[in-house]
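Next come the chains, spelled out residue by residue.
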Amino acid sequence: SAEDFLAKFIREKQTENSVTLDDVSCIFSELNSMEISGSVSHSGEEGFIDRMRFQEYLMSARNEAYDPAKTRFDAEKMDRPITDFWVDSSHNTYLQGDQLKSYSTVQMYVVALHRGCKCLELDCWDDNGTGIPVIFHGHTLTSKISFSSVITCVKKYVDEHPDTMPIILSLENHCSLP
């Protein structure tokens with residue numbers, strides 16, 4: 001029933017305390033109006049959904065784990081612990097393809113930031129003994145990009161989108177001492 005769905009699933013399992021019985025009724029009405037293969041029709045029964053419709057709900061945007069409200073910048077929350085923020089992270093952010101022989105580009109950091117990433121990975125290595133760090137997937141055939149160009153790119157993005165804070169730079173440091 002809608003009451004059980006609200007109490008046992010939405011509130012107890014999902015810990016979504018702002019959802020009301022009216023919200024659940026709307027969800028059930030929407031789900032029951034759908035044609036779902038293998039599902040029993042409950043169009044005449046309000047307040048119930050079958051297993052197939054429940055599965056449809058679980059995979060729907062209504063059950064999305066991502067909460068856009070948690071991504072809005074609030075300067076007063078910047079002293080809060082990192083666990084209070086939604087942190088979407090990336091791995092090998094700089095790569096356009098596989099981690100063995102693809103190209104590294106600064107543009108991939110912009111793509112990750114536009115997609116909502118808050119934690120960017122920088123694999124830092126020496127560039128043939130020059131003392132100038134580069135970003136690439138070490139011991140592979142991936143191309144190299146300069147560390148400073150990535151930092152400049154991230155700074156420019158943050159300057160243009162100040163509401164994207166906080167940004168975490170995860171440095172994998174393989175550089176030698178100068």
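Note that residues are indexed from 1 along each chain, following the sequence as it is written. Given that this is a predicted model, residues contribute local features only at a pLDDT of at least 70 and side-chain atom pairs are listed and counted only at 80 or more, while totals for whole chains, interfaces and linings are drawn from all residues. Side-chain figures throughout are based on the complete set of non-hydrogen atoms in the structure, without hydrogens or water.

## Notes on the pairing of strand β2 (residues 117–126)
Step number 1: For the exposure calls, accessible area comes from a 1.4 Å probe over protein chains only, and a residue counts as buried if that area is under 20% of its type's maximum, exposed if over 50%, partly exposed in between. What counts as a helix is a DSSP run of H or I of at least four residues, what counts as a strand is a run of E of at least two, and both are numbered from the N terminus. Counting buried positions along β2 gives 9 out of 10 residues, so the element sits mostly inside the fold.
Step number 2: Two strands pair when backbone bridges link them, and strand β1 (residues 88–89) and β2 are joined in this way by 2 bridges, in the parallel orientation. Looking at the pairing, Ser89 lines up with Cys119 of β2.
Step number 3: The rule for pairing is simple: two strands pair if DSSP sees at least two bridges between them. In this structure, β2 lies alongside strand β5 (residues 168–173), joined through 6 bridges in parallel fashion. If you follow Asp123 over to β5, its bridge partner there is Glu172.

## Comments concerning the packing of aromatic side chains
Step number 1: Pairing of aromatic rings covers Phe, Tyr and Trp, the last through its six-membered ring, and needs centres within 6.5 Å; plane angles under 30 degrees mean stacked, over 60 mean edge-to-face, and all others mean tilted. Evaluated as defined, the whole model comprises 3 aromatic pairs.
Step number 2: With 6.3 Å between their ring centres and 75° between their planes, Phe9 and Tyr57 make a pair best called edge-to-face. Pair noted here: Phe9 is in helix α1 (residues 2–13) and Tyr57 is in helix α3 (residues 51–58), with a separation of 48 residues, a long-range link. Neither residue differs from the other here; Phe9 and Tyr57 are each classed as buried.

## Topic: the side chain of Ser90
Step number 1: By secondary structure assignment, the location of Ser90 is in the loop between β1 and α4 (107–114).
Step number 2: Under the relative-accessibility criterion, Ser90 is labelled buried at 18%.
Step number 3: Two N or O atoms form a polar contact when they lie within 3.5 Å of each other; inside protein one atom must be a possible hydrogen donor and the other a possible acceptor, and for residues adjacent in sequence the pair counts only when both atoms belong to side chains. Looking at Ser90, its side chain comes within polar contact range of the side chain of Thr93, at 2.3 Å.
Step number 4: Not counting chain neighbours up to four residues away, the residues in contact with Ser90 comprise Cys117, Cys119, Leu120 and Glu121. Residue contacts are counted whenever heavy atoms from the two residues lie within 4.5 Å of one another.

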